[in-house]
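# Reading the structure
Single-letter residue listing:
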Amino acid sequence: MAIAGVVIMAAHRIFTGVAKLCRAVAAARESLDRSVNARRWLKATFLSLEPPFEGRANRASFTSRQLVPGGWFEQKPTQLSQDGSRFLGATGAEPIQLADGVSDVAFDYLLDPGADTKWVREWISPVSTPLAVRLRITGCGRGDAGCVDTLLFLVKERG
């Protein structure tokens with residue numbers, strides 16, 4: 001009886017540990033999927049960007065082509081900004097959460113290409129767009145204030 005009890009307790013601990021590990025793997029996979037999908041959405045959004053463009057140090061507003069029900073792409077006003085600890089993209093009534101656990105978001109805009117590349121902190125134009133946008137997310141979506149994720153997005157043709 002004692003040996004059977006020990007075996008049952010060991011089996012219970014093993015199965016409990018495996019279940020916890022499976023939940024942790026599922027949570028990590030969901031977080032990675034969310035991050036990859038956010039980057040994919042940002043890349044597609046910047047590649048379809050249209051003027052007017054209003055880029056500030058902590059937010060950006062422009063028009064981009066977004067997928068709508070029915071499979072069509074329509075021009076939609078798009079805003080990227082930080083709301084508390086979330087980095088959001090909005091193209092309509094419902095914002096898209098691109099990252100959570102964010103302590104700061106900073107945008108830079110590429111003025112000219114070449115060896116003497118110049119990035120500016122603001123780009124406001126009714127007729128043109130920057131060549132690229134550099135996005136720095138402090139916290140990296142994990143709430144780690146020492147982590148800075150730097151993303152570079154090319155803008156289609158310059159408007």
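For the structure, check the block above.
The following paragraphs examine the structure supplied in this document. (Residues numbered from 1 in each chain as written. Predicted model: local features only at pLDDT ≥ 70, side-chain atom pairs only at ≥ 80, totals over all residues. Heavy atoms only, no water.)

Within the chain, the regular secondary structure consists of 1 helix and 10 strands. Taking 159 residues into account, the globule formula puts the C-alpha radius of gyration at 15 Å, and the chain, at 22 Å, lies well above it. Each principal axis of the C-alpha distribution contributes one length, and for the chain these read about 80 × 40 × 30 Å. Sequence-distant contacts, at least 24 apart, represent 43% of the contacts inside the chain between residues at least 6 apart. (Helix = DSSP H or I, 4+ residues; strand = E, 2+ residues; numbered from the N terminus. Rg over C-alpha atoms; globule rule 2.2 N^0.38 Å. Contact = heavy atoms within 4.5 Å.)

For the rest of this paragraph, the subject is the pairing of strand β1 (residues 50–55). Direction of pairing for β1 relative to strand β2 (residues 59–68): antiparallel, over a ladder of 3 bridges. Note on β2: the bridge partner recorded for E50 is T63. Following β1, the chain reverses through 3 residues before pairing antiparallel with β2. Alignment of β1 against strand β8 (residues 123–125), held across 3 bridges, turns out to be antiparallel. (Pairing = 2+ DSSP bridges.)

This part covers helix α1 (residues 2–47). For α1, which comprises 46 residues, the first-to-last C-alpha distance of 68 Å matches the rise-based estimate of 68 Å (1.5 Å per residue) to within 8%. Taken together, the buried positions of α1 are occupied by A38, W41, L42, T45 and F46. (Expected span 1.5 Å × (residues − 1). Buried < 20%, exposed > 50% of the residue type's maximum accessible area, 1.4 Å probe, protein only.)

Right, let's get into the side chain of S48. As for its placement among the helices and strands, S48 is situated in the loop between α1 and β1. In terms of polar contacts, S48 uses its side chain to reach the backbone carbonyl oxygen of T45, at 3.3 Å. With residues up to four places along the chain from it excluded, the contact list for S48 reads T63, S64, R65 and K156. (Polar contact = N/O pair within 3.5 Å; in protein donor to acceptor, adjacent residues only side chain to side chain.)

Let us look at the pattern of salt bridges. Any two side chains of opposite charge can pair if their charged atoms end up close together. As enumerated under the stated definition, the model contains 9 salt bridges in all. Here R56 makes a salt bridge to E54, at a shortest N to O gap of 3.1 Å. For R56, a relative accessible area of 24% translates into the label partly exposed. With a closest N to O distance of 3.3 Å, D83 and R86 form a salt bridge. Take D83: its relative accessible area is 41%, and that puts it in the partly exposed class. Note on R86: relative accessible area 30%, which makes it partly exposed. (Salt bridge = Lys/Arg side-chain N within 4 Å of Asp/Glu carboxyl O.)

Turning to the packing of aromatic side chains, a few remarks are in order. In this structure the tally under the stated criterion is 6 aromatic pairs. With 5.2 Å between their ring centres and 20 degrees between their planes, F46 and F153 make a pair best called stacked. On the criterion of sequence distance, the pair formed by F46 in helix α1 and F153 in strand β10 (residues 144–154) is long-range, its members being 107 residues apart. Given the relative accessible area of 1%, F46 is considered buried. Residue class for F153 comes out buried when judged on its relative accessible area of 7%. Through successive ring pairs, a cluster of aromatic residues spans F46, F53, F62, F87, F107, Y109 and F153. In this structure, R134 is placed above the aromatic ring of W119, and the distance from its NZ or CZ to the ring centre is 4.4 Å. (Phe/Tyr/Trp six-rings, centres within 6.5 Å; stacked < 30°, edge-to-face > 60°. Lys NZ or Arg CZ within 6 Å of the ring centre and 35° of its normal.)

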